[in-house]
Amino acid sequence: MRAFDRRHPLVWDVLVTGFFVTAAFTDVLGGGWRYITQNPQAPTWLIVTLSLGFTVPLLWRRTHPVAILLPMLPLAVVNAWTGTDLQSSLTLLVVTFNIALHTALRTLLASYAVTMIPIVVDGFRNATEQAADQSPDQTIVPQATRLAMVAIVGISYRTRQEYLASLVERAAQLEVERDQQARLATAAERTRIAREMHDIIGHNLSVITSLADGGSYAAAKNPERAAQALTAIGTTSRQALGELRRLLDVLRTDPSATEPPGAEPPGPALGPALGLEPPGMEMAPQPSLTDLDHLIEGVRSAGLPVRTTIHGYATALPPGRQLTVYRVIQEALTNTLKHGGPDATSTVSVSYGNGSAVTATVTDTGRGSTAHGNGSGGRGLTGMRERTALYGGTLESGPLPDHGWRVQLHLPEETPQ
């Protein structure tokens, strides 16, 4: 019914107004008003006029409650002064309720004050005609109390409507915020996965490509070196496969929801069976600085000489910061491997400061081209900067004065929360 009233408010207004008009004229035509009036000799035209004046304006009670109160007040004063006392004058209570429901408190107080005028007039008229039986307060106080109670009910109903409206608005706002948070989380996760995929695939495939080129070159003259290259390719491939599987397993929150009970997932089972991955590889943790030696050995086996210098220990460094340093060094060495040229060498220097502070510098003696810095639109340098920004660090990347390239990462000491 409320939904229908919101769509077609005029229907309900006509029904309510028609009810009061019918009741008023039933009282007039049936002569019922004569049983309570103090002026049975009141002319018919006055009775009809007052009945219409008290009921027809109710058609606009919800849209213009104050406007219809103003013409009804003079009729209420005439009704009280002549002693007619029509029951249709009680529609002033309906108007007061709508004023309390749709207008400000200041307007309600002003309307209440002016509505008291016919009540006061009625009280003093009764006191004049029946001085021995009634005093003015015996007539005025009950009517004023009744009017006040109607106003309080209107305020209570309005407060409830506003509270419900605020709950609906809050629920809608929470739904919007939930959808926004979901979209932001999805975008952040996509960025993170893309960054990890770039680091894993870009580095390992660069090493594999270099090993394959070197193995094919040495196959004819030195089969032993070619066999070593193939072994290194297999090791690097297994490492890349394991890292990719760990990354993609994050996207599979509930394997049992999409696989039959008792079925063995095909991916993890094929790796050990074909010799591409040791058992348990898919559950290994993300790389840390303890895996740095393994990373550098893989780059050396691909043909890039790397010299390392370590100052301090990484024991106080959280896993997230270790992964950031590892990935930055991995990306820098990968760029040197791809763009440094055949005679390039690289130097990796890691210095651990107080607390969780760390500085890592990777330099090389390569050509130092623009492509080396990943300025051609790739994700390498962007991914390094994103990782660094997560921990409030700085990343500098650019060519050296003579030749070569330098990448320097600095993560400041973590501020205690």
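Residues numbered from 1 in each chain as written. Predicted model: local features only at pLDDT ≥ 70, side-chain atom pairs only at ≥ 80, totals over all residues. Heavy atoms only, no water.

## Observations concerning the overall build of the chain
For clarity, the cut-off: Counting from the N terminus, the helices are the DSSP runs of H or I reaching at least four residues and the strands are the DSSP runs of E reaching at least two. Classification of residues uses two cut-offs on accessible area relative to the type maximum, computed with a 1.4 Å probe and protein chains only: under 20% is buried, over 50% is exposed, and between them is partly exposed. Note on contacts: a residue pair is in contact if any heavy atoms of the two residues lie within 4.5 Å.
Helix and strand counts for the chain stand at 12 helices and five strands. Of all 417 residues assigned to the chain, the portion counted as buried reaches 37%. Put simply, 72% of the contacts in the chain that link residues at least 6 apart link residues at least 24 apart.

## Brief notes about helix H11 (residues 319-339)
Our working definition: To estimate how far a helix should reach, multiply one less than its number of residues by 1.5 Å.
Here H11 contains 21 residues, and its C-alpha end-to-end distance of 30 Å stays within 8% of the 30 Å for a straight helix at 1.5 Å per residue. Judged by how many residues are buried, H11 sits mostly within the fold: 17 of 21 residues are covered. Looking one or two places after H11, you find Gly341, whose phi comes out positive at around 100°.

## Examining the packing of aromatic side chains
Defined as follows: Stacked, tilted and edge-to-face are the three classes applied to pairs of Phe, Tyr and Trp rings, where Trp contributes its six-membered ring and a pair requires centres within 6.5 Å; stacked means planes under 30 degrees apart, edge-to-face means over 60, and tilted covers the rest.
Summed over the entire model, instances satisfying the criterion amount to two aromatic pairs. For the pair Phe19 and Phe20, a centre-to-centre distance of 5.3 Å together with 75° between the ring planes defines the contact as edge-to-face. Classification of Phe20 as partly exposed rests on a relative accessible area of 23%.

## As for the sheet that holds strand S4 (residues 394-399)
We apply this condition: Here, strands pair whenever DSSP counts at least two bridges between them. Orientation is described by axes fitted as lines to C-alpha atoms, over the contacting stretch for helices, and by angles from 0 to 180 degrees between their N-to-C directions.
Strand order across the open sheet formed by five strands is S1-S2-S3-S5-S4, with mixed pairing between neighbours. The open sheet has two edge strands, strand S1 (306-311) and S4, and neither has a second partner. When the angles between neighbouring strand axes are averaged without regard to direction, this sheet yields 5°. Relative to the sheet, helix H12 (residues 380-390) contacts S4 and strand S5 (405-411), its axis offset from that of S4 by approximately 155°.

## Quick look at the environment of Val348
Structurally, the position occupied by Val348 is in strand S2 (residues 346-352). Relative accessible area serves as the criterion here: at 1%, Val348 is assigned to the buried category. Sequence separation between Val348 and Thr309 is 39 residues; the distance between their C-alpha atoms is 6.2 Å.

## What to know about the packing of helix H10 (residues 292-301) against H11
In plain terms, the rule: Oblique is the label for any angle not under 35 degrees, not over 145, and not in the 65 to 115 range, which are roughly parallel, roughly antiparallel and roughly perpendicular in turn. Three residue categories are used. Nonpolar comprises Ala, Val, Leu, Ile, Met, Phe, Trp, Tyr, Cys and Pro, charged comprises Asp, Glu, Lys and Arg, and polar comprises the others, including Gly.
At their nearest, the axes of H10 and H11 sit 11 Å apart, and the two run at 5° to each other. Regarding the angle of H10 to H11, the classification is roughly parallel. Facing H10, whose interface residues are Leu292, Leu295, Ile296 and Val299, H11 presents Tyr326, Ile329, Gln330 and Leu333. Split into classes, the residues belonging to the contact of H10 with H11 amount to seven nonpolar, one polar and no charged.

On their own, these measurements won't tell you what the molecule is for.
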